[in-house]
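Take a look at the letters that make up each chain.
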Amino acid sequence: MGQAEQYLQAALGAFDFGGEVVGAVRYGMGHINDTFCVHTQPGEDPCRRFILQRISSGAFHHPDQLMENIVGVTSFLSKEIAAAGGDPARETMQVVPTKDGKSFYADAEGGAWRVYPFIEDTVCLQAAETPELFEASAFAFGNFQRMLKDYPADTLYETIPHFHDTEDRLRKLKAAVAADVMGRVKDVQPELDFVAAREADCSVALQALRDGKLPLRVTHNDTKLNNVLIDRESGKGICVIDLDTVMPGLSINDFGDSIRFGANHSAEDERDLSKVNFDISLFDVYTRGYLEGAAGALTDAELDYLPWGAKLMTLECGIRFLTDYLEGDHYFRTHREGQNLDRCRTQFKLVSDYEKQWDDMKAVVDKYRA
Ligand code: ADP
Ligand code: GN1
Ligand code: MG
């Protein structure tokens, strides 16, 4: 048995799954954590599944703080959902404790493992298959924002400092260019020029925050379409997952990151840029769904800045992919050479599409503001 397998077996042994573990297989398309689907057989009852994850130590340096955040947020959401007559077991993540009552298990290397029940009869989409499903995800993220509006933000740890600090992301890109450890800078001049032309943009949302125009809220910060589970039968977005980055942030970033990932018809790492096009009709349905889910929780200024959320999250994500490419691809999981550069290029293509349709994006927001 290899070492990775040994750690997996030890982690499986640390939790009480209420039945014999009959298998654990790699699962999902996330770029960060190691995710496994655990199959168990509880006596004569039907097989039950769980999600077991090794939290990325490259991305998250304090798993104890991260899990404290998640336990706090999921307990809070459970109460909100129950009070509204919903089903907390399907509508929020629930942390399964270790046999000794902890929220995670630390392996011999310090890797942190946690378990959630698998939420059955749901689908997790890698692309907006239909406008209706995209709108359903929007409602779920808007509703998530609304449910957490009274969560005590000052009790949350910052699990990744400066996570959506676009100015800091720009500084890190410049440092990676100066270091050029992989000798790749020579291959990315057009991308660096693209960023240089938009340096001032990197400060727009942060300046609005500093000026007191945009409020700091409890936000998800990683609102990709594949971080919401959709009920297979009703097509509704029922559960927001991947709560590792729930911390104080800007609502426009949650809105914007969903647009970045979902308001187009191509993969994030598509190499043929002619296939990568912003679809304003998907922006339209997402805006409608998000505002409906948020149900008045956003201020006028936040509504004004929603297109900026889309532009900044997409630009920032492109900057992050480019930085990781220059640094040797150690943050985002890659499956092939050049994948992070391809990812960067799709993001920048989308940014230029938004720039061309900026007034139309603003008009969409105006259509749906109350
Ligand atoms: P990452 O941070 O690596 O993206 P996620 O927490 O998003 O990790 O999990 C990866 C994938 O695992 C998700 O995109 C989803 O497909 C699946 N998943 C995670 N948690 C659950 C759950 N409780 N029930 C069903 N599927 C889940
Ligand atoms: C990562 O964990 P995952 O795959 O849902 C990343 C996001 C990026 C996204 C790009 C903790 O999301 O910030 O926007 O990849 N998560 C973290 O696809 O860095
Ligand atoms: Mg995820």
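**Quick notes on the site of ligand 1**
Surrounding ligand 1, one finds 19 residues, the nearest of these being N33, Q53, I119, N227 and D242. Contact between ligand 1 and I119: a nitrogen atom at 3.0 Å from a main-chain N or O atom of the residue. Summarising the interface, the protein chains cover 97% of the accessible area of ligand 1, which totals 550 Å² for the free molecule. Of the residues contributing to the shell around ligand 1, the split by class is ten nonpolar, eight polar and one charged. Looking at which domains feed residues into the shell around ligand 1, each of domain 1 (3–119) and domain 2 (131–368) supplies at least three.

**So, the site of ligand 2**
Around ligand 2 there are 17 residues in total, and H31, K224, E268, R320 and Y331 lie nearest to it. Taking N227, its side chain carries an N or O atom lying 3.1 Å from an oxygen atom of ligand 2. The side chain of R260 places a nitrogen or oxygen atom 3.4 Å from an oxygen atom of ligand 2. If you tally residues by element for the shell around ligand 2, the top one is helix α11 (residues 306–327), at three residues.

**Considering the sheet that holds strand β6 (residues 122–123)**
Sheet architecture is open: three strands sit in the order β6-β8-β9, paired in antiparallel fashion. Each end of this open sheet is capped by a strand with a single partner; those strands are β6 and β9 (237–240). Pairing geometry for strand β8 (residues 228–231) and β9, over three bridges, is antiparallel. Directly across from I230, in β9, lies its bridge partner G237.

**Notes on the domain arrangement of the chain**
Domain annotation of the chain identifies domain 1 (3–119) and domain 2 (131–368). Centre-to-centre separation of domain 1 and domain 2, based on C-alpha positions: 26 Å. Tallying the contact residues gives 27 residues for domain 1 and 28 residues for domain 2. Interface area, domain 1 with domain 2, both sides summed: about 2500 Å², of which 61% is carbon and sulfur. In this structure, the connection of domain 1 to domain 2 is made through three salt bridges.

**Re the coordination of the magnesium ion (ligand 3)**
At this site the magnesium ion (ligand 3) is bound by N227 (OD1) and D242 (OD), with donor distances of 2.2 Å. Here N227, found in the loop between β7 (217–219) and β8, pairs with D242, found in the loop between β9 and β10 (247–249); they are 15 residues apart in sequence, far enough to count as distant. Since its relative accessible area comes to 5%, N227 is described here as buried. By relative accessible area, D242 is classed as partly exposed at 24%.

**Quick word on the side chain of D254**
By the element assignment, D254 lies in helix α8 (residues 251–262). No salt bridge is formed by the buried D254; its nearest oppositely charged neighbour, R217, is found at 9.1 Å. There is a polar contact of 2.8 Å between the side chain of D254 and the backbone nitrogen of H220. At 2.7 Å, the side chain of D254 and the backbone nitrogen of N221 are in polar contact. Excluding residues within four positions of it along the chain, D254 makes contact with Q145, T219, H220, N221, D222, T223 and Y290.

**Considering empty space enclosed by the protein**
Gaps left between atoms show up when a probe the size of a water molecule is rolled over them. Per the stated rule, a full pass over the model turns up one cavity of 30 Å³ or more. Considering only enclosed or pocket space, the largest cavity measures out at about 40 Å³ in volume. Every residue along the wall of the largest cavity is listed here: H164, T166, A205, L206, L250, N253, L312 and M313. Those elements that place two or more of their residues in the lining of the largest cavity are α7 (204–210) and α11. Here the lining of the largest cavity is composed, by residue class, of five nonpolar, three polar and no charged.

**Quick look at the environment of L216**
In this fold, L216 is placed in the loop between α7 and β7. Distance from L216 to M247, taken between C-alpha atoms, is 9.8 Å for residues 31 residues apart in sequence. When sequence neighbours within four positions are dropped, the list of residues in contact with L216 reads L209, P248 and G249.

**Side note on the pairing of strand β2 (residues 34–41)**
Of the pairings in the sheet, the one linking strand β1 (residues 20–26) to β2 comprises six bridges and is antiparallel in character. Across the sheet, residue R26 finds its bridge partner in β2, namely F36. Where β2 meets strand β3 (residues 48–55), seven bridges bridge the pair, whose relative direction is antiparallel. When the sheet's bridge partners are listed, H39 is paired in β3 with R49. Hairpin connection between β2 and β3: a loop of six residues separates the two successive antiparallel strands, and G43 in this loop has a positive phi of roughly 55°.

What counts and how
- Residues numbered from 1 in each chain as written.
- Chains lettered and ligands numbered in written order.
- Predicted model: local features only at pLDDT ≥ 70, side-chain atom pairs only at ≥ 80, totals over all residues.
- Heavy atoms only, no water.
- Near = heavy atom within 4 Å.
- Polar contact = N/O pair within 3.5 Å; in protein donor to acceptor, adjacent residues only side chain to side chain.
- Areas by Shrake-Rupley, 256 points an atom, 1.4 Å probe, with all protein chains shown as cover.
- Nonpolar A, V, L, I, M, F, W, Y, C, P; charged D, E, K, R; others polar.
- Domains from an automatic or database assignment.
- Helix = DSSP H or I, 4+ residues; strand = E, 2+ residues; numbered from the N terminus.
- Pairing = 2+ DSSP bridges.
- Contact = heavy atoms within 4.5 Å.
- Buried area = accessible area lost by both parts, 1.4 Å probe.
- Salt bridge = Lys/Arg side-chain N within 4 Å of Asp/Glu carboxyl O.
- Donors = N, O, S within 2.8 Å, 3.2 Å for Na, K, Ca; no water.
- Buried < 20%, exposed > 50% of the residue type's maximum accessible area, 1.4 Å probe, protein only.
- Lys, Arg positive; Asp, Glu negative; His and termini not counted.
- 1 Å grid on protein atoms, 1.4 Å probe; cavity = no way out; pocket = protein on both sides within 12 Å on 5 of 7 lines; lining within 4 Å.
- Points joined across faces, edges and corners; volume = space filled by probe spheres on them.

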